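Survey of secondary and tertiary structure
So you can see what is in the structure, the chains are spelled out below.
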Amino acid sequence: MKTLEKVPVFTEDPYSESALLEPYPFLERLAAAGPVSYLEATGIYAITGYEEVYEVLTDFETYVSSGGLGPRDIRKDAGWRPPSILESDPPIHTLMRRALTGVINPGTVRKLREPFTPPAVELVSELAHRTHFDAIKDLAELYPIKVFPDAVGIPEEGREHLLPYGNMVFNAFGPENYIYEQAFSHADEHSSVVMKACELESLSPGGFGIKIWDKVKEGLISEQQATLLVRALLSAGVDTTIFGIGNVLSVLAREPEAWQELRKQPHLAKFAIDEALRLESPFQKFHRTVSTDTTLGGVDLPAGTKVLVFLGAANRDPEKWGPDATKFSLDRTSSGHVAFGMGLHQCVGQPIARLEMEIVLQQMLEHVDTISLAGEPKPILHNVLRGFESLPVEISAAK
């Protein structure tokens, strides 16, 4: 194996406040060290190059998820909750994935467009009468909470715990720093309410939750796995979707020409969303565990090593996306971006997240003639997600 002296060593801390609030200057410096480097501050290898990130995401046998998506190996040191589908490998992952894809598939997602559209129409129509609003507080946070828990079938009571619970889940994929401690300040309360909402007796008929529990009757999964899958679905359909809507609007508010082009050709909304998510990936980074001695990007990685996979860097890699990789372009083919992951663990809830983002953007394009930033967006201080607490925008209504 290579000695550490032969591996590019990067001394900055990826979890420093500056790196989390303004990730892209940090990621440029990290990527300049090489597609694979050693993070001195954390004792973990960083993967930034698109080719190398893609290999880690698709080679699930070499880079396993069962060690956890955080810096600790949860096979040796149990995590704060039972492992989710994200933290499993085949054959367990195969069964859980099969159960989910039997419920979340193109057919079932298409049926959501009808119930998901009126709330977006109502929200955006009201906002279009204003000249200024906060695209996070007034739209991105309201819409998914309004539509998705109903689709899953969880009770109305206790939904206020969904966002703080999601904040716990995703911050736990980073170190146990003060950000983690703040997220977990009311952990027991949030966890008990959300887990109770995912149990069979709490779910309403006809929702995705009950359909997942039907897989228990079929003998495909256990009762515990059903609860965990409903929980995973809530995180995928609420938290990262809120970040996704906010990030897409944060990009487009800076692109007046693209906005006008999209108003003329609203069918391009799907492509604009992919390009915006490539630039502003909600999920910026997570860990995998090396299962066997291997070599990646010219660096030898011993078995048991943790690697930190920087999706945000891969999605801006000029080797993949060209010299203008940091720019938004409706002419770019963004297919292949890794904002939703890739391979075996690609986000199973992404069709629903895409649908929610598309419905919101289409309503905005219909009702809003111009949109621009009305102040500096306030980024969220988060260990692994990129998003905004506040995104003030100025708009003019379509005539």
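Residues numbered from 1 in each chain as written. Predicted model: local features only at pLDDT ≥ 70, side-chain atom pairs only at ≥ 80, totals over all residues. Heavy atoms only, no water.

Focus: the pattern of salt bridges
A full pass over the atoms with the stated rule returns 20 salt bridges. With its nearest N and O atoms 2.7 Å apart, the salt bridge here joins R159 to D150. Among the residues examined, D150 registers a relative accessible area of 45% and is labelled partly exposed. (Salt bridge = Lys/Arg side-chain N within 4 Å of Asp/Glu carboxyl O. Buried < 20%, exposed > 50% of the residue type's maximum accessible area, 1.4 Å probe, protein only.)

Observations regarding the side chain of K306
Relative to the helices and strands, K306 resides in strand 9 (residues 306-310). Although buried, K306 forms no salt bridge, and the nearest oppositely charged side chain, D73, lies 5.5 Å from it. From its side chain, K306 meets the backbone oxygen of G67 in a polar contact 2.9 Å long. If sequence neighbours within four positions are ignored, K306 has contacts with I44, Y45, G67, G68, G70, P71, R72, D73, H287, R288 and T289. (Helix = DSSP H or I, 4+ residues; strand = E, 2+ residues; numbered from the N terminus. Lys, Arg positive; Asp, Glu negative; His and termini not counted. Polar contact = N/O pair within 3.5 Å; in protein donor to acceptor, adjacent residues only side chain to side chain. Contact = heavy atoms within 4.5 Å.)

As for the nonpolar core
Across soluble globular proteins, nonpolar side chains show a tendency to be buried alongside one another. Ranked by internal contacts, the top residues of the largest apolar core, which has 118 residues, are F116, Y143, I212 and M364. Looking at which element gives the most residues to this core, the answer is helix 19 (residues 350-367), with 9 residues. Excluding its chain neighbours within four sequence positions, the residues that come into contact with Y143 are F116, T117, P119, A120, L123, I245, E356, I359 and V360. In terms of nonpolar packing, the next biggest core, distinct from the first, is built from 15 residues, F10, Y15, I44 and I179 among them. (Core = buried A, V, L, I, M, F, W, Y, C linked by side-chain atoms within 4.5 Å.)

A few points about the sheet that holds strand 6 (residues 285-290)
The 6 strands are arranged 1-2-3-9-6-4 in an open sheet whose pairing can be described as mixed. Two strands in the sheet have a free side with no partner beyond their single neighbour: strand 1 (9-10) and strand 4 (63-64). Relative to strand 9, strand 3 (residues 44-47) runs parallel, the two being bridged by 3 bridges. Bridged to I47 within strand 9 is V309. Together, strand 2 (36-39), strand 3, strand 4, strand 6 and strand 9 form the strand contacts of helix 3 (residues 50-58), whose direction differs from that of strand 9 by roughly 120°. (Pairing = 2+ DSSP bridges. Axes fitted to C-alpha atoms, helices over the stretch in contact; angles between N-to-C directions.)

So, the side chain of T62
Mapped onto the elements, T62 comes out in the loop between helix 3 and strand 4. Within the structure, the side chain of T62 is placed 2.7 Å from the side chain of D59, a separation counted as a polar contact. Once you skip the residues sitting within four places of it in the chain, T62 turns out to touch T289, V290, S291, T292 and T294.

Some details on the environment of E218
With respect to the element layout, E218 can be found in the loop between helix 12 (208-217) and helix 13 (223-237). Between the C-alpha atoms of E218 and A99, which are 119 residues apart in sequence, the distance is 9.9 Å.

As for the pairing of strand 6
A large share of strand 6 lies buried, amounting to 6 of its 6 residues. Burial of the side chains of strand 6 extends over both faces: K285, H287 and T289 are buried on one face and F286, R288 and V290 on the other. Here strand 4 runs beside strand 6; their pairing, made up of 2 bridges, is antiparallel. Looking at strand 6, one finds that Y63 is bridged to V290. Two elements, strand 6 and strand 9, share 5 bridges in a ladder whose sense is antiparallel. Pairing of K285 across the sheet is with F310, part of strand 9.

A few points about empty space enclosed by the protein
Evaluated as defined, the whole model comprises 5 cavities of 30 Å³ or more. The space that makes up the largest cavity amounts to roughly 540 Å³. Along its surface, the largest cavity is lined by 36 residues, and L86, F170, A236, F283 and C347 are the ones closest to its centre. Those elements giving two or more residues to the lining of the largest cavity turn out to be helix 4 (92-101), helix 9 (162-171), helix 13, helix 14 (239-252), strand 6 and helix 19. Looking at side-chain class alone, the lining of the largest cavity contains 22 nonpolar, 10 polar and 4 charged residues. (1 Å grid on protein atoms, 1.4 Å probe; cavity = no way out; pocket = protein on both sides within 12 Å on 5 of 7 lines; lining within 4 Å. Points joined across faces, edges and corners; volume = space filled by probe spheres on them. Nonpolar A, V, L, I, M, F, W, Y, C, P; charged D, E, K, R; others polar.)

Structural notes on the sheet that holds strand 5 (residues 132-134)
Spatially, 5-13-10 is the arrangement adopted by the 3 strands of the open sheet, whose pairing is antiparallel. The strands lining the two open edges of the sheet, one partner per strand, are strand 5 and strand 10 (368-373). Sheet twist, expressed as the average angle between the axes of neighbouring strands with direction ignored, equals 30°. Pairing of strand 5 with strand 13 (residues 392-397), which is carried by 3 bridges, proceeds in the antiparallel orientation. The residue bridging H132 from the neighbouring strand is E394, located in strand 13.

Focus: the pairing of strand 9
With 5 of 5 residues buried, strand 9 is to be regarded as a mostly interior element. Residues K306, L308 and F310 line one face of strand 9 and the alternating positions V307 and V309 line the opposite face, and both faces are buried.

A word on the packing of aromatic side chains
Counted by the stated rule, this structure contains 9 aromatic pairs. Taking the centre distance of 5.6 Å and the plane angle of 80° together, the rings of F10 and F26 count as edge-to-face. Placement of F10 in strand 1 and of F26 in helix 2 (residues 23-32) is noted, with a sequence separation of 16 residues between them. Of the two residues examined, F10 and F26, each falls in the buried class. When the ring of F170 is compared with that of F283, the centres are 5.6 Å apart and the planes differ by 90°; the resulting orientation is edge-to-face. In this pair, F170 sits in helix 9 while F283 sits in the loop between helix 16 (269-279) and strand 6, placing the two residues 113 residues apart along the sequence. Over the ring of Y24 we find R316; its NZ or CZ atom is 3.5 Å from the centre of that ring. Directly above the aromatic system of W321 lies the positively charged group of K320, at a separation of 5.2 Å from the ring centroid. (Phe/Tyr/Trp six-rings, centres within 6.5 Å; stacked < 30°, edge-to-face > 60°. Lys NZ or Arg CZ within 6 Å of the ring centre and 35° of its normal.)

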